[in-house]
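Each chain, written out:
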Amino acid sequence: MNDQTFDVDAFMNATVDAPMATNMAGVPEGEYTAMVGDFDSSAFRTVTTTDRATGATRDRPVLEVPFVIQDADLKAKLGRESVSHRETFWLDMTPDGRLDTGPDKNIRLGQLRNALGQNTPGSPWAPSMLRNMGPVKIVIKTTSDKRDPEKKYTNITRYAKIS
């Protein structure tokens, strides 16, 4: 849209003669250079999950971190001005509501922090410190849902420092 006043009535009556996309092409598998995008507290949310075996539900905190991929060829291939990927980190929390830094806790978040040089012992850290950081190498893989092979999940499987 440009600086002219938007005519809502004209929009409501404007027709198109082609179908619209029904899904967005995901980022293809591969290794990319990326920057962590900007995000705010709305990136943290609670998801209710159900145990398939017992039917029990529980709340799980997650942090959704945006990544902006720095690849001109990929932008051209996908026909986009920018290519991004949102990665969900399932968080392990202590009973008092802090990020758990114990053994086998928040491993993927620790890997990202390490790749960004933010995982130094004794240095205070907060999730907001991820915003707009990088560059970082990421490896993206796609898997199919076990119950519905048509459903695809695209995830970052590795983070690495750029030397």
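Residues numbered from 1 in each chain as written. Predicted model: local features only at pLDDT ≥ 70, side-chain atom pairs only at ≥ 80, totals over all residues. Heavy atoms only, no water.

Caption draft 1: The arrangement of the pattern of salt bridges in detail. Scanning the model with the defined rule gives five salt bridges in all. Notably, a salt bridge pairs glutamate 87 with arginine 108, separated by 2.3 Å at the nearest N-O pair. Of the two residues, glutamate 87 is situated in strand 4 (residues 83-90) and arginine 108 in helix 3 (residues 107-115); the sequence distance between them amounts to 21 residues. A salt bridge links arginine 98 to aspartate 96, with the shortest nitrogen-to-oxygen separation between them at 3.8 Å. Across the pair, exposure class does not vary: arginine 98 and aspartate 96 are exposed alike. Beyond isolated ion pairs, a larger network of salt bridges with shared partners links Arg45, Glu64 and Arg86. (Salt bridge = Lys/Arg side-chain N within 4 Å of Asp/Glu carboxyl O. Helix = DSSP H or I, 4+ residues; strand = E, 2+ residues; numbered from the N terminus. Buried < 20%, exposed > 50% of the residue type's maximum accessible area, 1.4 Å probe, protein only.)

Caption draft 2: A look at the environment of lysine 146. Relative to the elements of secondary structure, lysine 146 occurs in the loop between strand 5 (136-144) and strand 6 (152-160). When the C-alpha positions of lysine 146 and threonine 15 are compared, they lie 40 Å apart, and in sequence the two are 131 residues distant.

Caption draft 3: Region of the structure containing a positive patch on the surface. Side chains of Arg52, Lys146, Arg147 and Lys151 sit close together on the surface and give a patch of like positive charge. Mapped onto the elements, lysine 151 comes out in the loop between strand 5 and strand 6. (Patch = residues over 30% accessible without salt bridge, like charges linked within 9 Å, V, L, I, M, F, W, Y side chains within 5 Å. Areas by Shrake-Rupley, 256 points an atom, 1.4 Å probe, with all protein chains shown as cover. Lys, Arg positive; Asp, Glu negative; His and termini not counted. Charge placed at Lys NZ, Arg CZ, Asp CG, Glu CD.)

Caption draft 4: Structural detail: the packing of aromatic side chains. Taken as a whole and judged by the stated rule, the model has three aromatic pairs. Ring centres 6.3 Å apart and planes at 25° place the aromatic pair phenylalanine 89 and tyrosine 159 in the stacked group. Taken together, the positions of phenylalanine 89 in strand 4 and tyrosine 159 in strand 6 put the pair 70 residues apart, joining distant regions of the chain. Linked through ring pairs, Phe67, Phe89 and Tyr159 together constitute an aromatic cluster. A cation over a ring is seen here: arginine 108 above phenylalanine 89, with NZ or CZ 5.0 Å from the ring centre. (Phe/Tyr/Trp six-rings, centres within 6.5 Å; stacked < 30°, edge-to-face > 60°. Lys NZ or Arg CZ within 6 Å of the ring centre and 35° of its normal.)

Caption draft 5: Broad picture of the side chain of arginine 60. Within the element layout of this structure, arginine 60 appears in strand 3 (residues 57-69). Buried arginine 60, no salt bridge; nearest opposite-charge side chain is aspartate 92, N-O distance 4.8 Å. Filtering out sequence-adjacent residues up to four positions away, arginine 60 remains in contact with Arg45, Thr46, Val47, Thr49, Trp90 and Leu91. (Contact = heavy atoms within 4.5 Å.)

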